[in-house]
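Descriptive analysis of the structure
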Amino acid sequence: MRFQGDIIENLTAAAQSQDENLIQELVIDEMANIIENDPNEMIKTLRYSKVKVDDTASKEELINLSVKNLYSNSIFQKNLAVTFTKKGSAAKHDYAGAEGDGGGGGNIISSIANMIGSIGKWGSSSKDLKAEESRTKARMFEKIFGSGKKRNWMPIIVVAGVLLIGAMVVWRVTAKNK
């Protein structure tokens, strides 16, 4: 987490500072954390939100489904708030129903759901929404899969140098003998 608190404390502090970018970052970080460390919890959250998802869904599929529903599915936004607050111990009755009822979570869940819902309102037009979805997907892929492993060339250069020096020594030793 960005701060020393848990996700609820961090989101509350971000909301008090009225920093929408930080709220978005925190939500994306926590979604990536759930997909990385407990993908079954994200599958459960998506299912309670009436999204079809396999038990064996890959992390890539979970990213795509969760980002799409983050911006377009208010039930998913509410259920994501439940998942954030309960962290793996959410009971089925706490999730919002397909009709849009709030479930049994209480004020903190409603407040977190409103913060998550505000993210979906960032793209006013469909082009803005698609662009925001793409940026969110890219950030989640980077958080989960990394930005690609960079090769450490130092050991390769050292080994190549040693081999080159050895080859030069062998060449000089054999050249003197002829």
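Check the entry above for the structure.
The following paragraphs examine the structure supplied in this document.

Reading guide: rules and limits
Residues numbered from 1 in each chain as written. Predicted model: local features only at pLDDT ≥ 70, side-chain atom pairs only at ≥ 80, totals over all residues. Heavy atoms only, no water. Core = buried A, V, L, I, M, F, W, Y, C linked by side-chain atoms within 4.5 Å. Buried < 20%, exposed > 50% of the residue type's maximum accessible area, 1.4 Å probe, protein only. Helix = DSSP H or I, 4+ residues; strand = E, 2+ residues; numbered from the N terminus. Contact = heavy atoms within 4.5 Å. Phe/Tyr/Trp six-rings, centres within 6.5 Å; stacked < 30°, edge-to-face > 60°. Polar contact = N/O pair within 3.5 Å; in protein donor to acceptor, adjacent residues only side chain to side chain. Axes fitted to C-alpha atoms, helices over the stretch in contact; angles between N-to-C directions. Left-handed = near helix turned anticlockwise from the far one by under 90°. Nonpolar A, V, L, I, M, F, W, Y, C, P; charged D, E, K, R; others polar. Salt bridge = Lys/Arg side-chain N within 4 Å of Asp/Glu carboxyl O.

Our next topic: the nonpolar core. Ranked by internal contacts, the top residues of the largest apolar core, which has 36 residues, are L11, V27, L80 and F84. Those elements that place two or more of their residues in this core are α1 (7-16), α2 (20-37), α3 (39-48), α4 (59-72), α5 (74-86), α6 (107-120) and α7 (126-145). With nine residues, α2 is the largest single contributor of residues to this core. In this view, L80 contacts V27, M31, M42, T45, L70 and I116; residues no more than four positions away in its chain are not counted.

What follows is about the packing of aromatic side chains. If you walk through the whole model with that rule in mind, you get one aromatic pair. Look at F141 and F145: their rings are 5.7 Å apart centre to centre, the planes differ by 25°, and that puts the pair in the stacked class. Here the residue F141 and the residue F145 both occupy positions in helix α7, the gap between them amounting to four residues, near one helical turn. Among the residues examined, F141 registers a relative accessible area of 24% and is labelled partly exposed. Given the relative accessible area of 47%, F145 is considered partly exposed.

The next point concerns the environment of I116. Within the secondary structure, I116 sits in helix α6. Here I116 falls in the buried class, since its relative accessible area comes to 0%. When the C-alpha positions of I116 and L26 are compared, they lie 9.8 Å apart, and in sequence the two are 90 residues distant. If sequence neighbours within four positions are ignored, I116 has contacts with V27, L70, Q77, L80, A81 and F84.

It is worth spelling out the side chain of N79 at this point. On the secondary structure map, N79 appears in helix α5. Note on N79: relative accessible area 0%, which makes it buried. Of the polar contacts made by the side chain of N79, one reaches the backbone oxygen of Y48; its length is 3.4 Å. Looking at N79, its side chain comes within polar contact range of the side chain of S49, at 2.9 Å.

At a minimum axis separation of 10 Å, α2 and α4 run at an interaxial angle of 145°. For the element pair α2 and α4, the recorded crossing hand is right-handed. Here α2 contributes Q24, V27, M31, I35 and E36 to the contact with α4, which in turn contributes K59, L62, I63, S66, V67, L70 and Y71. Its residues placed into classes, the contact of α2 with α4 shows eight nonpolar, two polar and two charged.

This paragraph deals with the pattern of salt bridges. One pass over the full model with this rule turns up five salt bridges. Notably, a salt bridge pairs D29 with K143, separated by 2.7 Å at the nearest N-O pair. Separated by 114 residues along the polypeptide, D29 in helix α2 and K143 in helix α7 bring together distant segments of the chain. Residues E132 and R135 are paired through a salt bridge, measuring 2.7 Å at the closest nitrogen-oxygen approach.

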